[in-house]
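# Survey of secondary and tertiary structure
For reference, the chains in residue letters:
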Amino acid sequence: YENYNPDHFREFLLTGLRNPKASFEREMWRKIPPSDSKEEIWNKMRNTNPREVYKTMTSFNQPSEKIVNEWKKYQKRYGIDQAVDRVKNMNLASVCTGKTVVDIGCNDGYITKLVSEFASTATGIEPHVELPKKDTSSNLVWVRSTFNEFLDSNPGPFDVVLSLAVRIQLRDFGGLTEQEIVNGYHSLLPVGGIVVHETQKLENRPNNQAHTNAMLDAFRKKFTQIEHGNARGSGKREYYHFQKVD
């Protein structure tokens, strides 16, 4: 944040609005790795729909190997004990018992497996981290998919959506606004369905705080809040239960 200059940002923004084609081409040229074929790649890109160009540039719209590896280590670092605490702290049994549950961005699946012990079915959705091997539990389902792809597959409905410290990834890598994320959750649920929303770290994280506020505003346009509390001690993470009312 200390390097952010609002005057520079404004200058770049106005330049892009006044001459979007030149700004787009300059940005694309800068992102093509240096090579003998850079000119050839550039000419091909200039004649392609900008949205299709963006989709092909996976180093800018998908997480790097370094980030994926960090995600793979995340649950292992904190382990099953923290997953047990989170299930208890967020009162998941109170909303998931006997219900069909989908866990968006389930990581290694610790919480999904714990919830499956009292849910009717538990489905874990995860695009990057290696999912658990085939489980003997008949009510557990693992799906390797991004959130966008999962929505496009017309799944559900589910009684409960678990959205546990995952929305910034859905926003940044999925290209979704906070309202679009909430709309996606809304589409997965019947009337009366529940979203369990766990925030990312809020303590000393102004970006996370702004994102959380935007998520809460979006939720309140589509859902009714029925519960709120502390999810984890570290980072002052909070949780919310939201219910679909129409």
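Described below are features of the structure shown in this document. (Residues numbered from 1 in each chain as written. Predicted model: local features only at pLDDT ≥ 70, side-chain atom pairs only at ≥ 80, totals over all residues. Heavy atoms only, no water.)

## Some details on unusual backbone geometry
One non-glycine residue, Ala-165, lies in positive phi territory at about 50 degrees. With phi around 60 degrees, Asn-204 is a residue other than glycine that occupies positive phi space. Of note, Asn-204 is situated in the loop between β5 (194–198) and α12 (206–222). Using a relative accessible area of 69% as the deciding quantity, one classes Asn-204 as exposed. (Helix = DSSP H or I, 4+ residues; strand = E, 2+ residues; numbered from the N terminus. Buried < 20%, exposed > 50% of the residue type's maximum accessible area, 1.4 Å probe, protein only.)

## A look at the pairing of β5
With five of its five residues buried, β5 lies for the most part within the structure. Burial of β5 is two-sided: the residues Ile-194, Val-196 and Glu-198 facing one way and the residues Val-195 and His-197 facing the other way are all buried. Pairing of strand β4 (residues 160–164) with β5 involves five bridges; the strand directions are parallel. Bridge pairing in β5 places Leu-162 opposite Val-196. Taken together, the five bridges between β5 and strand β7 (residues 237–244) define a ladder with antiparallel strand orientation. Bridge pairing in β7 links Glu-198 to Tyr-239. (Pairing = 2+ DSSP bridges.)

## Some thoughts on the nonpolar core
Counting 23 residues, the largest nonpolar core has Ile-104, Val-161, Tyr-185 and Phe-219 as its most contacted members. Taken together, the elements giving at least two residues each to this core come down to β1 (100–104), α9 (147–152), α11 (178–188), α12 and β7. For Tyr-185, the contacting residues outside a window of four places in its chain are Ile-104, Phe-147, Val-161, Ser-163, Val-166, Arg-167, Leu-170, Val-195, Phe-219 and Phe-223. If you look at the next biggest cluster of nonpolar residues, it comprises 18 residues, including Val-87, Ile-111, Val-160 and Ile-194. (Core = buried A, V, L, I, M, F, W, Y, C linked by side-chain atoms within 4.5 Å. Contact = heavy atoms within 4.5 Å.)

## With respect to helix α10 (residues 167–174)
Among all positions of α10, only Arg-167, Ile-168, Leu-170 and Arg-171 are buried. The buried side chains of α10 occupy one side of the element, clustering within an arc of 165 degrees when seen end-on. Directly after α10, the chain includes Gly-175, whose backbone phi takes a positive value near 70 degrees. (Arc of directions from axis to C-beta.)

## So, the side chain of Arg-167
Tracing the chain through its elements places Arg-167 in helix α10. Only 2.6 Å separates the side chain of Arg-167 from the backbone oxygen of Ser-163, close enough to count as a polar contact. Polar contacts involving the side chain of Arg-167 include one to the side chain of His-197, which spans 3.3 Å. Leaving out residues up to four positions away in the same chain, Arg-167 has contacts with Ile-181, Tyr-185, His-197, Glu-198, Thr-199, Gln-200, His-211 and Met-215. (Polar contact = N/O pair within 3.5 Å; in protein donor to acceptor, adjacent residues only side chain to side chain.)

## Considering the packing of aromatic side chains
Counted under the stated rule, the structure contains seven aromatic pairs. Their ring planes at 70 degrees and their centres at 5.7 Å tell us that Phe-219 and Phe-223 sit as a pair that is edge-to-face. Summarising the burial analysis for this pair, Phe-219 and Phe-223 share the class buried. Among the aromatic residues, those joined into a ring-pair cluster are Phe-147, Tyr-185, Phe-219, Phe-223, Tyr-240 and Phe-242. Above the face of the Trp-29 ring, Lys-38 is positioned so that its terminal group lies 4.4 Å from the ring centre. (Phe/Tyr/Trp six-rings, centres within 6.5 Å; stacked < 30°, edge-to-face > 60°. Lys NZ or Arg CZ within 6 Å of the ring centre and 35° of its normal.)

## Regarding the environment of Arg-237
Tracing the backbone shows Arg-237 in strand β7. Note: C-alpha distance between Arg-237 and Gln-209 (28 residues apart in sequence) is 10 Å.

## Details of the sheet that holds β1
Across the sheet, seven strands lie side by side as β3-β2-β1-β4-β5-β7-β6; this open sheet has mixed pairing. The sheet is open, and its two borders are formed by β3 (140–143) and β6 (223–232), each paired with just one other strand. Adjacent strand axes in the sheet meet at a mean angle of 15 degrees when their direction is disregarded. Relative to β7, β6 runs antiparallel, the two sharing eight bridges. Paired with Thr-224 across the two strands is Gln-243, which belongs to β7. (Axes fitted to C-alpha atoms, helices over the stretch in contact; angles between N-to-C directions.)

## Some words on the pattern of salt bridges
Within this structure, the stated rule accounts for six salt bridges. Between Lys-21 and Glu-25 there is a salt bridge; the shortest N-O distance is 2.6 Å. Of this pair, Lys-21 and Glu-25 both sit in helix α2 (residues 20–31), separated by four residues, roughly a single helical turn. Residue classification places Lys-21 among the exposed positions, given a relative accessible area of 54%. One salt bridge in this structure joins Glu-25 and Arg-46, with 3.4 Å as the shortest N-O distance. Taken as a pair, Glu-25 in helix α2 and Arg-46 in helix α3 (residues 38–46) lie far apart in primary sequence, 21 residues in all. Classification of Glu-25 as buried rests on a relative accessible area of 16%. Connected via shared salt-bridge partners are Lys-21, Glu-25 and Arg-46. (Salt bridge = Lys/Arg side-chain N within 4 Å of Asp/Glu carboxyl O.)

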